[in-house]
Amino acid sequence: MSPTATDPSNTIAFQGELGAYSHMAAMAKFPDMAVLPCPSFDDALDAVKKGTAQLAMIPIENSTAGRVADIHMLLPGSGLYIIDEHFEPIRHCLLALKESTDADLKAVISHVQALGQCRNAIRDRGLTAMPFYDTAGAAKEISERGDKSVAAVASRLAADVYGLRVVKTDLQDQGHNTTRFVVLSRTPLATTEFTVPMMTSFTFEVRNIPAALYKALGGFATNNVNMTKLESYYESDSFTASEFYADIEGHEGMANVSRAMEELRFHTKRVRLLGTYPQARFRTVG
């Protein structure tokens, strides 16, 4: 397990308790960095902004559950830059007190998404599922509660952190469950670091005119720029202006990307660059 934070310049923040999947992602990507668990995404971002941590590891989407709530709204206003990405396989475990037996178990607690991803396995064991705020928090809760009848769905790392028994590994109903994380920093990558295939992420708001989105995105097609993700969301509760989050392959130092982004800016009210960073996985399927 990685050490907790003592040197801000060698610390990476994440949302959740020790043993969370974000903790696992931070360890996998930056094994030599100390970790700083934070109660909320806002707290993790603030830790970087205030210099308490050098980086933040933030989940942005899951292959089963989709977009992580609130992240698209938090990133543009954070003042931070995406400098890397990481894909972490999510392998849920059923955890219990070391002194409990399988026959003792009557209920299981975890984050509602984790419970949903293990629904069939939980039902087959005859356990009552009870939502909790966090997977690692659920593991911490049963270790402190000392109730032999309650288990948790969390990571194997959480079992190590809280001294629990792994009753069952790979509890999830579907084997292909992966979370994509982005790494945030106070400063963007320098263009001299663009030596491998890159991704660029940004948000934009279209003008309130007919075919605005079609016109805004036309430049990516005509300039042969691969857009790998496009999602809409509302920044406020007015429902009057749609914001869009997008990922594209490449960077603005490339002529075709530069032309596409210029056309996008012409047809939109606002474009916010979130960062350019190395691809952790190739997107183009030929």
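These figures come from a predicted structure and were not determined experimentally.

A. Structural detail: the pattern of salt bridges. Taken as a whole and judged by the stated rule, the model has 15 salt bridges. When the shortest N-O distance is used, the salt bridge between Lys 29 and Asp 84 registers 3.4 Å. Of this pair, Lys 29 sits in helix H1 (residues 21-29) while Asp 84 sits in strand S5 (residues 81-89), and the two are 55 residues apart along the sequence. Judged by relative accessible area, Asp 84 falls into the buried class, the value being 16%. Between Lys 229 and Glu 61 there is a salt bridge whose closest N-O contact spans 2.7 Å. In this pair, Lys 229 sits in strand S13 (residues 227-234) while Glu 61 sits in strand S3 (residues 55-62), placing the two residues 168 residues apart along the sequence.

B. Spatial organisation of the sheet that holds strand S7 (residues 107-110). Spatial strand order, S8-S7-S9-S6-S10: five strands in an open sheet with mixed pairing. The open sheet has two free edges, formed respectively by strand S8 (128-131) and strand S10 (165-168), since each of these has just one partner strand. Between one strand and the next, the sheet's axes are offset by a mean angle of 35 degrees, whatever the strand orientation. Helix-sheet contacts for helix H6 (residues 135-145) involve strand S6 (93-96), S7 and strand S9 (150-154), and the interaxial angle to S9 is about 155 degrees.

C. Examining the pairing of S6 more closely. Burial along S6 is two-sided: the residues Cys 93 and Leu 95 and Leu 94 and Ala 96 are all buried. As judged from the three bridges shared by S6 and S9, these two strands associate in the antiparallel manner. When the sheet's bridge partners are listed, Leu 94 is paired in S9 with Val 153. Of the pairings in the sheet, the one linking S6 to S10 comprises three bridges and is antiparallel in character. Bridging across to S10, Leu 95 finds its partner in Val 166.

D. Quick look at the nonpolar core. Counting 23 residues, the largest nonpolar core has Ala 13, Ile 58, Ile 60, Ile 71, Leu 75, Ile 82 and Leu 184 as the members making the most contacts within it. Residue assignment for this core shows that the elements contributing at least two residues are helix H2 (41-49), S3, helix H3 (71-78), strand S11 (178-185) and strand S15 (268-278). Setting aside residues up to four positions removed in sequence, Ala 13 forms contacts with Leu 36, Cys 38, Ala 44, Ala 47, Ala 53, Leu 55, Ala 56 and Met 57. Formed by 17 residues, the second largest nonpolar core is a distinct cluster that contains Ala 26, Ala 136, Leu 189 and Phe 194.

What counts, and where the lines are drawn
- Residues numbered from 1 in each chain as written.
- Predicted model: local features only at pLDDT ≥ 70, side-chain atom pairs only at ≥ 80, totals over all residues.
- Heavy atoms only, no water.
- Salt bridge = Lys/Arg side-chain N within 4 Å of Asp/Glu carboxyl O.
- Helix = DSSP H or I, 4+ residues; strand = E, 2+ residues; numbered from the N terminus.
- Buried < 20%, exposed > 50% of the residue type's maximum accessible area, 1.4 Å probe, protein only.
- Pairing = 2+ DSSP bridges.
- Axes fitted to C-alpha atoms, helices over the stretch in contact; angles between N-to-C directions.
- Contact = heavy atoms within 4.5 Å.
- Core = buried A, V, L, I, M, F, W, Y, C linked by side-chain atoms within 4.5 Å.

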